[in-house]
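Structural characterization, general
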Number of protein chains: 2
Amino acid sequence: MNTTEPIRIAIVGHGNLGRGVEAAMKHNHDMRLTGIYTRRPPARLKPLNPETPVFAIEELDQHTDRIDVLILCGGSRQDLPQQGPKYATLFNTVDSFDTHARIPDYFSAVDAAAKPNAKTALISAGWDPGMFSINRVLGEALLPNGETHTFWGDGLSQGHSDALRRVPGVAGAVQYTRPVPAAVEQARSGLRLPLTTREKHRRDCFVVLDEGADPEIVRQAIVTMEHYFVDYDTIVNFISAEELARDHSAMPHGGFVIRSGHTSENITQTIEYSLKLESNPEFTSSILVAYARAVHRLHAMGQYGAKTVFDVPPGLLSVKSAEQLRADYL
Amino acid sequence: MNTTEPIRIAIVGHGNLGRGVEAAMKHNHDMRLTGIYTRRPPARLKPLNPETPVFAIEELDQHTDRIDVLILCGGSRQDLPQQGPKYATLFNTVDSFDTHARIPDYFSAVDAAAKPNAKTALISAGWDPGMFSINRVLGEALLPNGETHTFWGDGLSQGHSDALRRVPGVAGAVQYTRPVPAAVEQARSGLRLPLTTREKHRRDCFVVLDEGADPEIVRQAIVTMEHYFVDYDTIVNFISAEELARDHSAMPHGGFVIRSGHTSENITQTIEYSLKLESNPEFTSSILVAYARAVHRLHAMGQYGAKTVFDVPPGLLSVKSAEQLRADYL
């Protein structure tokens, strides 16, 4: 697997994820960042490394010969449904599409674009979907007579924070998802009792009110919000704009996948995969970069079309050769 | 991936691992145990399911048409070095070869046997080597700027228990490996200070003395034993034969693989994979069975030769189809 030429990586989009990919380049010496492609005026974008060229996104079509893998760093709602299939006709791609319910459709669209063009496109990489998904599948395969629980947090949820900001009277807000310790302990214990949504997670909100807004009205609007808060024990804390900026600008996250099962009567076995992340986007980006390496290799092996993390042998993510992995890591 | 015909599994060897594979069959409905092959007189072996046929190991050569995957349940010292290459010429195989230093040679020998005969042979499956190996490789690939620590225990170490039993004056013994909590906490913290062998694990021995043996001489022989105990804080407890039988016949084990690293300055990310096993052999067997499914599929895809867990896409271990995994587990 050792090639002397570095893998040429390019980024579409320069939000938190794109910047995370840039930061990860420093630690992946078999790769080189050949460009950042943006919808903004390129001159206004400041890359971490000032030598990284910045291009308008429209130039991508002409750059097929300078990119081995294109990492799509846009969002799942607006960007990827259009960009994923579009760029998989021209490039090997990696993305973090995470709208769970729409993954089968997205997979089909990307597959239909990539396969006839002999490209390899890995969708839905990251930690959930991604590493957590792998652990859900492996947990069930290794302990078929068992139960899997996924817990998220402690962590800042972008989607729920956005939902808070849409409530009338809210000037700014963040939301932290926290697993309920008793539920985590139960999952670990092998008891295999069902856990409700409310029993598994708590939602803590930190809200800055608009001037003159009534806190009780805002609180009611939040705790009764369907899909987001009504099924949880939700705590609403009102804070000042200064406190929000000072105490809540980091993006920690994490969680657990716990599989507990029985291999024979009265024999309990427990597998747990857990993440404790000080920066959710930087970790997701690091995963995208490792999968870019795997995609480059899958493509070289002639494995075209859409792929998911379930299709990728773990060894392909490593910079090391198969021989070295067998000798030193097995 | 859904086939109507069950995968035909056979077992060589009927110790703890072989019995664990038998027990696992109940939970894997896409498989059928077609035979147990033994060096003992077949009539003396009592299978869990009395309908399972038992054969002399010499009959294996004539049974190539009734076995899809042969699971080698023998030991790494005596059995596998000979059985692995031998049976990979005739069958798809899975084994749990775990003599770390000899894995590259063993891989080569099995590969040379399997490849020209169009067979697929997965070596060194289990939890370490196996699941822990995957997590060591993924941890480093996702957080290249970091440090990995593997801890084992609390658990009964077969190799160290055997070493105790070879000490003159010892009538019976077991040894438990225990991670030192302070070292585990340090690995989780992201501090990335080196940890010595002694700092990471403690060894607790429970020893039954031969009549008339001098406990102090036995203790000294144990705690100074090279390769096994001299580099550890070792506690020797003397107990009665009754206590040994009553309190120390289970085979619990487990451990952690902790990868802690930095994605940018001051941003610490921690990945932890942990196992808590009430039966070490039954869990290892469950892993062998899941990999037997993957081997059957790899073989159907024309991927011949020796393989390790690094070469196997996670989705191939699941009984579910790729479509279902994408829809429900991603």
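Numbering of residues starts from 1 in each chain and follows the order in which that chain's sequence is written. The lettering of chains begins at A and the numbering of ligands begins at 1, in the order of writing. Only residues with pLDDT of at least 70 are given local features in this predicted model, and only at 80 or more are side-chain atom pairs given and counted; all residues enter the totals for whole chains, interfaces and linings. To get the side-chain values, all heavy atoms of the structure are used, and hydrogens and water are removed first.

1. What to know about the confidence of the model for chain A
Note on scores: pLDDT gives the predictor's confidence for each residue, bounded by 0 and 100. Residues at a pLDDT of 70 or more form 99% of chain A, whose mean pLDDT is 96. Scored as a complex, the prediction yields pTM 0.96 and ipTM 0.96.

2. Remarks on the sheet that holds strand β7 (residues 146–152) of chain A
In short, DSSP must find at least two bridges between two strands for them to pair. Put simply, DSSP marks the helices as runs of H or I at least four residues long and the strands as runs of E at least two long, and each gets a number from the N terminus on. Strand order across the open sheet formed by six strands is β7(A)-β12(A)-β13(A)-β13(B)-β12(B)-β7(B), with antiparallel pairing between neighbours. Unpaired on one side and paired on the other, β7 of chain A together with β7 (146–152) of chain B mark the two borders of the sheet. When strand polarity is set aside, the average angle formed by the axes of neighbouring strands in this sheet is 5°. Contacts: residue pairs with any heavy atoms within 4.5 Å of one another. Fitting a line to C-alpha atoms yields each axis, with helices limited to the stretch in contact; the angle taken between N-to-C directions then spans 0 to 180 degrees. Along the sheet, helix α6 (residues 181–189) of chain B contacts β7, β12 (253–264) and β13 (267–277) of chain B; its crossing angle with β12 of chain B, the most-contacted strand, is approximately 30°. Sheet strands in contact with helix α10 (residues 280–300) of chain B are β12 (253–264) and β13 (267–277) of chain A together with β12 and β13 of chain B, and its direction is about 70° off that of β13 of chain A.

3. Examining unusual backbone geometry
In this structure, D154 of chain A follows G153 of chain A across a cis peptide bond, with omega equal to -5°. Looking at where D154 of chain A falls in the secondary structure, it is placed in the loop between β7 and β8 (155–156). In this structure, S124 of chain A takes a positive phi of about 60° despite not being glycine. Mapped onto the elements, S124 of chain A comes out in the loop between β6 (120–122) and α4 (131–142). Exposure classes here rest on a 1.4 Å probe applied to the protein chains alone. A residue is buried below 20% of its type maximum, exposed above 50%, and partly exposed in between. Of the residues examined, S124 of chain A reaches a relative accessible area of 0% and is grouped as buried. The residue A118 of chain B is not glycine, and still its phi comes out positive at about 55°.

4. Structural notes on the packing of helix α1 (residues 16–25) of chain A against helix α10 (residues 280–300) of chain A
All names here are of chain A. Between α1 and α10, the shortest axis-to-axis distance is 8 Å and the interhelical angle comes to 60°. On the basis of their axis angle, the class for α1 and α10 is oblique. Considering how the two elements wind past one another, α1 and α10 form a crossing that is right-handed. Residue-level contacts link N16, L17, G20, V21, A24 and M25 of α1 to P281, E282, T284, S285, S286, L288 and V289 of α10. Across the contact of α1 with α10, the residue classes tally to seven nonpolar, five polar and one charged. Working rule for angles: under 35 degrees goes down as roughly parallel, over 145 as roughly antiparallel, 65 to 115 as roughly perpendicular, anything else as oblique. Crossings are assigned a handedness: left-handed for a near helix turned anticlockwise from the far helix by less than a right angle, right-handed for a clockwise turn. Residues are grouped as follows: nonpolar covers Ala, Val, Leu, Ile, Met, Phe, Trp, Tyr, Cys and Pro; charged covers Asp, Glu, Lys and Arg; every other residue, Gly included, is treated as polar.

5. With respect to the environment of E272 of chain B
Here E272 of chain B lies in strand β13. C-alpha of E272 of chain B to C-alpha of G35 of chain B: the two residues are 237 residues apart in sequence and 38 Å apart in space. Not counting residues up to four positions away in its chain, the partners in contact with E272 of chain B are E272, Y273 and S274 of chain A together with R188, F256, V257 and I258 of chain B. Contacts described as polar in this section are N or O atom pairs within 3.5 Å, which, within protein, must combine one atom able to donate a hydrogen with one able to accept it, while residues neighboring in sequence count only if both atoms come from side chains. In this structure the side chain of E272 of chain B is engaged in a polar contact, spanning 2.7 Å, whose partner is the side chain of R188 of chain B.

6. Points about the environment of D231 of chain B
Positionally, D231 of chain B belongs in the loop between α8 (215–223) and β11 (233–238). Sequence separation of D231 of chain B and L80 of chain B is 151 residues, and the distance between their C-alpha atoms is 29 Å.

7. Topic: the interface of chain B and chain A
The partner chain A presents 61 residues to the 61 residues of chain B that form the contact. A combined buried area of about 5,400 Å² lies between chain B and chain A, and 62% of that area is made up of carbon and sulfur atoms. For this analysis, a salt bridge means a side-chain nitrogen from Lys or Arg found within 4 Å of a carboxyl oxygen belonging to Asp or Glu. Inspection of the chain B/chain A interface yields two salt bridges. The shortest N-O distance in the salt bridge between K320 of chain A and E140 of chain B comes to 2.9 Å. Accessible-area loss on putting two parts together, using a 1.4 Å probe and summing over both, is the definition of buried area adopted here.

8. Re the side chain of Q186 of chain B
All names here are of chain B. Secondary-structure assignment places Q186 in helix α6. Assessed through its relative accessible area of 19%, Q186 is described here as buried. Apart from residues lying up to four places away in sequence, Q186 is in contact with L191, L193, P194 and L195.

9. A closer look at the relation of the copies chain B and chain A
The operation relating chain B to chain A is a screw motion whose rotation component is 180°, with 0.0 Å of axial translation and a residual RMSD of 0.0 Å. Each copy turns onto its partner about a two-fold axis. A share of 100% of interface residues in chain B that are also interface residues in chain A marks the association as one of identical surfaces. The superposition of copies rests on a least-squares fit of C-alpha positions from residues with pLDDT of 70 or more in both.

10. Considering the pattern of salt bridges
Opposite charge on two side chains allows them to pair when their charged atoms are near. Scanning all chains against the criterion turns up 32 salt bridges over all chains. Taking the shortest distance from any N to any O, the salt bridge between E272 of chain B and R188 of chain B comes out at 2.7 Å. Of this pair, E272 of chain B sits in strand β13 while R188 of chain B sits in helix α6, placing them 84 residues apart in sequence. Residue classification places E272 of chain B among the buried residues on the basis of a relative accessible area of 10%. Its relative accessible area of 28% is what places R188 of chain B among the partly exposed residues. Through salt bridges that share partners, D154, R178, R202 and D204 of chain A make up one connected network.

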